[in-house]
Amino acid sequence: MKFNTKTIHGGQKHEEATGAVMPPIFQTSTYAQSSPGIHKGYEYSRAANPTRTALENAFASIENGTHGFAFSSGLSAIDCVLRLLKPGDEVVAGDDLYGGTYRMFTKLFSQYGLKFQFVDMNNVTNVTNVINEKTKLIWLETPTNPLMKIADIAGITTAVKEVNSAILIAVDNTFATPYLQRPLDLGADIVMHSATKYLGGHSDLVMGALMVKNSKLAEELHFIQFAGGAVASPMDSFLALRGIKTLHIRMQRHCENGKAIAAYLAKHPQVLKVYYPGLENHSNHLIAKKQMDDFGGMVSFILKDESKEAAFKFLENTKVFTLAESLGGVESLVNHPSSMTHASIPKETREKIGITDSLIRLSVGIEDISDLISDIEQALI
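What you see is a predicted model; the values in this text were computed from it and never measured. (Residues numbered from 1 in each chain as written. Predicted model: local features only at pLDDT ≥ 70, side-chain atom pairs only at ≥ 80, totals over all residues. Heavy atoms only, no water.)

Caption draft 1: Focus on the sheet that holds strand S9 (residues 298–303). With mixed pairing, the 5 strands of this open sheet are ordered in space as S8-S9-S12-S11-S10. The strands lining the two open edges of the sheet, one partner per strand, are strand S8 (271–275) and strand S10 (322–323). Note: strand S11 (residues 333–335) against strand S12 (residues 359–363), 3 bridges, orientation antiparallel. Across the sheet, the residue bridging to Leu333 is Ser363, located in S12. (Pairing = 2+ DSSP bridges. Helix = DSSP H or I, 4+ residues; strand = E, 2+ residues; numbered from the N terminus.)

Caption draft 2: View of helix H6 (residues 153–163). Regarding H6, the residues found buried are Ile153, Ile156, Thr157, Ala159 and Val160. The opening residue of H6 is Asp152, an N-cap whose side-chain oxygen sits 3.4 Å from the backbone nitrogen of Ala154. (Buried < 20%, exposed > 50% of the residue type's maximum accessible area, 1.4 Å probe, protein only. Polar contact = N/O pair within 3.5 Å; in protein donor to acceptor, adjacent residues only side chain to side chain.)

Caption draft 3: Representation of unusual backbone geometry within the structure. The linkage connecting Thr142 with the following residue, Pro143, adopts the cis geometry, with an omega of -5°. Note that Pro143 resides in the loop between strand S4 (135–141) and H6. The amide bond that connects Asn145 to the next residue, Pro146, takes the cis arrangement and shows omega of 15°. Along the chain, Pro146 falls in the loop between S4 and H6.

Caption draft 4: Just the packing of helix H2 (residues 50–62) against helix H9 (residues 234–244), in detail. Closest axis-to-axis distance for the H2/H9 pair is 8 Å, and the angle between their directions is 35°. Once H2 is placed against H9, the crossing between them reads as left-handed. On H9, the residues that touch Thr51, Arg52, Ala54, Leu55, Ala58, Phe59 and Ile62 of H2 are Pro234, Ser237, Phe238, Ala240, Leu241 and Ile244. Classifying every residue of the contact of H2 with H9 by side-chain character gives 10 nonpolar, 2 polar and 1 charged. (Axes fitted to C-alpha atoms, helices over the stretch in contact; angles between N-to-C directions. Left-handed = near helix turned anticlockwise from the far one by under 90°. Contact = heavy atoms within 4.5 Å. Nonpolar A, V, L, I, M, F, W, Y, C, P; charged D, E, K, R; others polar.)

Caption draft 5: Region of the structure containing the sheet that holds strand S6 (residues 190–194). On the basis of which strands lie adjacent, the open sheet formed by 7 strands has the order S1-S7-S6-S5-S4-S2-S3 and mixed pairing. The open sheet has two edge strands, strand S1 (67–71) and strand S3 (115–119), and neither has a second partner. Adjacent strand axes in the sheet meet at a mean angle of 20°, parallel and antiparallel pairs treated alike. Note: strand S2 (residues 90–94) against S3, 5 bridges, orientation parallel. Residue pairing for S3: Gly94 is matched across the bridge by Val119. Contacts from H6 reach S4 and strand S5 (168–172), with the element oriented near 165° to S5.

Caption draft 6: The packing of aromatic side chains, seen in detail. The final tally for this structure, using the stated rule, is 7 aromatic pairs. With a centroid separation of 5.5 Å and an interplanar angle of 90°, the aromatic rings of Phe301 and Phe314 are classed as edge-to-face. Here Phe301 is found in strand S9, whereas its partner Phe314 is found in helix H12 (residues 308–317), with 13 residues between them in sequence. An aromatic cluster is present here, built from Phe105, Phe116 and Trp139 joined pairwise through their rings. The ring of Phe226 carries Arg46 above its face, with NZ or CZ at 4.8 Å from the centroid. (Phe/Tyr/Trp six-rings, centres within 6.5 Å; stacked < 30°, edge-to-face > 60°. Lys NZ or Arg CZ within 6 Å of the ring centre and 35° of its normal.)

Caption draft 7: Broad picture of H2. When the terminal C-alpha atoms of H2 are compared, their 19 Å separation across 13 residues agrees well with the 18 Å that a helix rising 1.5 Å per residue should span. The buried fraction of H2 amounts to 11 of the 13 residues, a majority that puts the element mostly inside the structure. Every buried residue belonging to H2 is among Pro50, Thr51, Arg52, Ala54, Leu55, Glu56, Ala58, Phe59, Ala60, Ser61 and Ile62, and all of these are buried. The N-cap residue of H2 is Asn49: its side-chain oxygen and the backbone nitrogen of Thr51 are 2.9 Å apart. Following H2 by one or two positions, Asn64 has its phi on the positive side, about 55°. (Expected span 1.5 Å × (residues − 1).)

Caption draft 8: Structural view of the nonpolar core. Formed by 65 residues in total, the largest nonpolar core has its most connected members in Phe59, Leu265 and Leu362. Apart from the residues lying within four places of it in its own chain, the contact partners of Phe59 are Gly68, Phe69, Ala70, Ala195, Leu199, Met207, Gly208, Ala209, Met211 and Ile244. Residues Ala77, Ile78, Val81 and Leu97 belong to the second largest nonpolar core, which totals 29 residues. (Core = buried A, V, L, I, M, F, W, Y, C linked by side-chain atoms within 4.5 Å.)

Caption draft 9: Seen up close, the pairing of S4. Along S4, 6 of the 7 residues are buried, which leaves the element largely enclosed by surrounding structure. Looking at chain direction, S2 and S4 are connected through 4 bridges and run parallel. Residue pairing for S4: Val91 is matched across the bridge by Leu137. By the bridge criterion, 5 bridges tie S4 to S5 in an arrangement that is parallel. Across the sheet, Leu140 pairs through a bridge with Val171, a residue of S5. With respect to chirality, the unit in which S4 leads through H6 into the neighbouring parallel S5 is right-handed. (Right-handed = clockwise from strand over helix to strand, strands pointing away.)

Caption draft 10: Geometry of the environment of His268. Within the secondary structure, His268 sits in the loop between helix H10 (247–267) and S8. Sequence separation between His268 and Leu247 is 21 residues, and the spatial gap between their C-alpha atoms is 31 Å.

Caption draft 11: Spatial organisation of the side chain of Arg250. Topologically, Arg250 is positioned in helix H10. Buried within the structure, Arg250 lacks any salt-bridge partner; Asp204 is the closest side chain of opposite charge, at an N-O distance of 9.2 Å. Side chain to side chain, Arg250 and Thr246 meet in a polar contact 3.0 Å long. The contacts of Arg250, once residues within four sequence positions are left out, are Tyr198, Leu199, Gly200, Gly201, His202, Gly243, Ile244, Gly328, Val330 and Ile366. (Lys, Arg positive; Asp, Glu negative; His and termini not counted. Salt bridge = Lys/Arg side-chain N within 4 Å of Asp/Glu carboxyl O.)

This is the structure:
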């Protein structure tokens, strides 16, 4: 199937008992057994639930994987990956990460003996230069949150595997979605999504996803999820599956609007810098062009007046863009990373990589582009 068909039919089948086109919401915790251990494939919903199974099959399909997993949040999906490791193991991660990911790495898992190195993944050698015998995982975000950096997935994967083929490559594909980029096809071992965002698409659920191709790795991840219990609910699974069915048409509009907003901001006299991989002056525009089918709907920018007050004035004046955390919904959102999504990162660390008090992040929705541009224009007055 082509991608636009996969979002609707990939990994799916009609419900056997009634022929229902959409999987029912199996709102049950347990299942009848004909004899101890003899059942119809389901025994307890922490292990598996038919609604969640349908969603996980869809997850695997759209990322060209063989196994998908639906978690109670994006962070619980990341937590599952880190539990593959042991005390003393090292992780190499990008220096521009979602604040919750950074917090989990540095505040939670570092106290259990994992070590983390943060490097600028704009350059492949920055990754390979810090690999040692204890390195077990490379964690990529691309595009990154919120500076829209681009990491060369195939380049990093190839270089790392040449050093040590056992090192796992995991990619947070939340910003791009599988509509734009499919890391498993580029050599990655694990793809992660905050399905709260574009996969769900309607700001009405919290969920995480993992997709893999390797069966042994899938077994390990399933055991960790089962033993830890961080599973998505049947209702949220139903909502996410419904969201995936329109992912392709939503992403088309997100991309169209994102490009238009980035181009508008790049020419605006009050804007100092725009972060968007679709702009030719983006430092890794050519890599983005190579590995992405389009450039998405996330745009960050800095005003020429780099004061916090100027940023707050803009943030408080938008009317179509809603000031809120999260992203990827049909509605446009505006965010102040340093005081919202990335507040858990120490100020010194934030500012060192460019997450200053003047940075503004937009999640460009699917509204009429003229309304979005008009809103930005009036908020900049």
